[in-house]
Amino acid sequence: MNSPGSPCLIIRVCNSGACDDEVTGQFDVRRRTFEQGIALAALDPGKVFHRAHERCEIAEGLNMSVHLTFNSSTRKVPLASLFASALILAACGPSGSAPVDPSSTQEMSGPVILPMEGLEKTDLKFGFIKLTDMAPLAIAYEKGYFEDEGLYVTLEPQANWKVLLDRVIDGELDGAHMLAGQPLASTIGYGTAANIVTPFSMDLNGNGITVSNDVWELMKEHIPVDAEGKPEHPIRAEALKPVIDQYKSEGKPFNMGMVFPVSTHNYELRYWLASGGINPGYYSPDNVQGTIQADALLSVTPPPQMPATLEAGTIYGYCVGEPWNQQAVAKGVGVPVITDYEIWKNNPEKVFGLTEAFVTENPNTTKAITRALIRAAMWLDEDDNANRAEAVEILSRSEYVGADARVIAASMTGTFEYEKGDVRSVPDFNVFFRYNATYPYYSDAVWYLTQMRRWGQISETHADAWYDETARQVYRPDIYLAAARSLVDDGIAEEADFPWDTDGYREPTSEFIDGLTYDGRAPNAYIDSLPIGLKDGQTVSGQAIQN
């Protein structure tokens, strides 16, 4: 039954001339247009609108009857039929509410999306950390892509990555913006054991390494400059090594922050340090701090707390996603020295994680979620990032990242500020769809596993086949491609937008700061090629590496 004051739609759905009975659903007119409401109601109003009365806070009613023909195989409604079929009925809201003339609504462009049939679950709660790379979730919500799929989503920020992961495992969250290493680590039993999968990679790049002002002044002595007197980029860790040596000679440990033990940030910071001859330390079954033989001591700090922790002198540098490097510049407490784009060009970043049980029990819902996220990623990158200014405004809101829009824009719109006033063009600092960014490549998963092995989180050597098998357990390109195919069929995406013929492995690349080549098909050879790190057959025992 309609609650008082709730807008309602009375829909008659016709398919190939056969009309079903009239059905009534409720619709939140604050967020959707008249035409989109008709489209959403048409397929399954009972499911799509059963929660609308909980979300409506307006006093006026909207009432209409629609005689509508649609193609059930493609779930598309001809726009002409939306306008030609709309009839105004008596109000079902409070007395005196005026009917709305559908001819006054703004015409939509492109096909109208109808929710998928057979959605197993429509009320969903997703978690995220306050970082700009949660953008696909925010855009899917704000642009109505989730609702297009018949999904009512609540987005909820989490205190830290551990809390986020635990809440997904416990079922308090249906899914979440995750560190790419989290589903892999959980699956192999490192940390909290659980079967987590991902059908969607959320972005490429997006991180940076920042040091304190004092450390920067010491580093500058060892950094060459260009003709204008500016530091030459990329800045290598060789410039930090004498600074760390000086701190050690003074009896001061050189502390640095990263966001989580299995985070991209941990592995990128370690990669950069090791490329400059700095040992970031090893893990062992008995030492989960990762500080064995370390020249620099890395510890966990939640992303939003990084600038304040740096300012307090607790750490001397950190690796984090945006906007927390640019925030250090804005506050005058630190200098970003390198982006992860310069450490590994177009490296994979976050993923969207769900439990394997959720995916098994809710296959249609999982596909619908993936469709909405792909559409959001497309929007973020379309027309050479033309939508980024709007995305910055959305992300700056307190319910999302909650940072100053100017700070978010400093990296989100194609530039990056290093030392104060040293703004450089980095158009691919944030990539959400280009370069097949959203496809869950097995080779991306394998790289994370190689870094876990390199630093001792995976304590023993495994055959190459184990890396491939583990990647296939976690990364689900089959779900991704099914969602992508349906978007192409619906006229929302182009055939050329997706890598249909890939075997899940990117081609070997040497676009790392140290020039070494990574081939995901040969993980052990890659591990053995790295200058600092465990090699074939080696383990960590006590404070020593055993052959």
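On a predicted model such as this, the values are computed, not experimentally measured, just so you know. (Residues numbered from 1 in each chain as written. Predicted model: local features only at pLDDT ≥ 70, side-chain atom pairs only at ≥ 80, totals over all residues. Heavy atoms only, no water.)

### Concerning the overall build of the chain
(1) Moving on: A tally of regular secondary structure across the chain gives 22 helices and 25 strands.
(2) Moving on: Within the span of the chain, comprising 547 residues, buried residues form 57% of the whole.
(3) Moving on: Expressed as a percentage of contacts within the chain between residues at least 6 apart in sequence, the contacts between residues at least 24 apart total 73%. (Helix = DSSP H or I, 4+ residues; strand = E, 2+ residues; numbered from the N terminus. Buried < 20%, exposed > 50% of the residue type's maximum accessible area, 1.4 Å probe, protein only. Contact = heavy atoms within 4.5 Å.)

### Some thoughts on the packing of aromatic side chains
(1) Moving on: This structure, assessed with the given rule, holds 25 aromatic pairs.
(2) Moving on: Centre to centre, the rings of phenylalanine 416 and tyrosine 418 are 5.0 Å apart; their planes meet at 65 degrees, and the pair counts as edge-to-face.
(3) Moving on: Among the residues examined, tyrosine 418 registers a relative accessible area of 3% and is labelled buried.
(4) Moving on: Between tyrosine 518 and tyrosine 526, the aromatic rings sit 4.8 Å apart at their centres with planes inclined by 65 degrees, giving edge-to-face as the arrangement. Grouping residues by exposure puts tyrosine 518 and tyrosine 526 together as buried.
(5) Moving on: Members of the aromatic cluster, joined through ring pairs, are Tyr267, Tyr271, Trp344, Trp447, Tyr448, Phe512, Tyr518 and Tyr526.
(6) Moving on: Directly above the ring of tyrosine 418 sits arginine 424, whose terminal nitrogen or CZ lies 5.9 Å from the centroid. (Phe/Tyr/Trp six-rings, centres within 6.5 Å; stacked < 30°, edge-to-face > 60°. Lys NZ or Arg CZ within 6 Å of the ring centre and 35° of its normal.)

### Description of the side chain of asparagine 287
(1) Moving on: In this fold, asparagine 287 is placed in strand E16 (residues 287–292).
(2) Moving on: Judged by its relative accessible area of 13%, asparagine 287 is buried.
(3) Moving on: A polar atom in the side chain of asparagine 287 sits 3.2 Å from the backbone nitrogen of glycine 290. (Polar contact = N/O pair within 3.5 Å; in protein donor to acceptor, adjacent residues only side chain to side chain.)

### Brief notes about the environment of glutamate 349
(1) Moving on: Within the fold, glutamate 349 resides in the loop between helix H14 (340–343) and strand E20 (351–355).
(2) Moving on: It is 8.5 Å that separates the C-alpha atoms of glutamate 349 and aspartate 133, two residues lying 216 residues apart in sequence.
(3) Moving on: At 2.8 Å, the side chain of glutamate 349 and the side chain of asparagine 207 are in polar contact.
(4) Moving on: A distance of 2.4 Å separates the side chain of glutamate 349 from the side chain of lysine 350, its partner in a polar contact.

### Concerning the sheet that holds strand E17 (residues 297–300)
(1) Moving on: What the 5 strands build is an open sheet, ordered E17-E14-E18-E13-E19; its pairing is mixed. Of all the strands in the sheet, just E17 and strand E19 (334–339) have a single pairing partner and so form its edges. Sheet twist, expressed as the average angle between the axes of neighbouring strands with direction ignored, equals 25 degrees.
(2) Moving on: Where strand E13 (residues 207–212) and E19 come together, 5 bridges link them in antiparallel fashion. Opposite glycine 208, over in E19, you have threonine 339 as the bridge partner. (Pairing = 2+ DSSP bridges. Axes fitted to C-alpha atoms, helices over the stretch in contact; angles between N-to-C directions.)

### A word on helix H5 (residues 135–142)
(1) Moving on: In terms of residue burial, H5 counts as a mostly covered element, since 6 of its 8 residues are buried.
(2) Moving on: Glycine 144 sits one or two positions beyond H5 and adopts a positive phi of about 80 degrees.

### Section: the nonpolar core
(1) Moving on: Ranked by size, the top nonpolar core spans 140 residues in total, and within it Leu137, Met219, Leu240, Phe254, Trp272 and Ile374 carry the most contacts.
(2) Moving on: The leading source of residues in this core is helix H16 (residues 363–385), at 10 residues.
(3) Moving on: Excluding residues that lie within four positions of it along the chain, leucine 137 makes contacts with Phe126, Gly127, Phe128, Phe146, Leu155, His177, Met202, Phe352 and Leu373. (Core = buried A, V, L, I, M, F, W, Y, C linked by side-chain atoms within 4.5 Å.)

### Details of the pairing of strand E10 (residues 175–178)
(1) Moving on: As judged from the 2 bridges shared by strand E8 (residues 123–128) and E10, these two strands associate in the parallel manner. Paired with phenylalanine 126 across the strands is glycine 175, a residue of E10.
(2) Moving on: Of the pairings in the sheet, the one linking E10 to E20 comprises 3 bridges and is antiparallel in character. Pairing of alanine 176 across the sheet is with glycine 353, part of E20.

### What to know about the pairing of strand E14 (residues 255–258)
(1) Moving on: Pairing of E14 with E17, which is carried by 4 bridges, proceeds in the parallel orientation. Bridge pairing in E17 places asparagine 255 opposite leucine 297.
(2) Moving on: Where E14 and strand E18 (residues 317–321) come together, 2 bridges link them in parallel fashion. Looking at the pairing, glycine 257 lines up with tyrosine 318 of E18.

### Some points on the confidence of the model for the chain
(1) Moving on: Predicted confidence across the chain gives a mean pLDDT of 85, with 79% of residues reaching 70 or more.
(2) Moving on: Every residue in residues 1–109 is under pLDDT 50, and counting partners more than four places away or in other chains gives 217 contacts. (pLDDT = per-residue confidence, 0-100.)

### A closer look at helix H19 (residues 442–454)
(1) Moving on: The terminal C-alpha atoms of H19 lie 18 Å apart, and with 13 residues this matches the ideal 18 Å at 1.5 Å per residue to within 8%.
(2) Moving on: Burial runs high along H19: 13 of the 13 residues are buried.
(3) Moving on: Where H19 terminates, the next one or two residues include glycine 456, which has phi positive at roughly 95 degrees. (Expected span 1.5 Å × (residues − 1).)

### A few points about the pattern of salt bridges
(1) Moving on: Summed over the entire model, instances satisfying the criterion amount to 31 salt bridges.
(2) Moving on: Lysine 248 is paired through a salt bridge with aspartate 295; the nearest N and O atoms lie 3.2 Å apart. In this pair, lysine 248 is assigned in helix H10 (residues 241–249) and aspartate 295 in the loop between E16 and E17, connecting sequence segments 47 residues apart.
(3) Moving on: The class of aspartate 295 is partly exposed, set by a relative accessible area of 22%.
(4) Moving on: We note a salt bridge from arginine 476 to aspartate 478, for which the minimum N-O separation is 2.8 Å.
(5) Moving on: Note on arginine 476: relative accessible area 22%, which makes it partly exposed.
(6) Moving on: Linked by salt bridges that have partners in common, Lys125, Glu156, Arg167 and Glu172 make up one network. (Salt bridge = Lys/Arg side-chain N within 4 Å of Asp/Glu carboxyl O.)

### Focus on the environment of threonine 154
(1) Moving on: Locating threonine 154 in the fold gives a position in strand E9 (residues 152–157).
(2) Moving on: Take threonine 154: its relative accessible area is 36%, and that puts it in the partly exposed class.
(3) Moving on: On a C-alpha basis, the gap between threonine 154 and glycine 127 in space is 8.5 Å, while along the polypeptide they are 27 residues apart.

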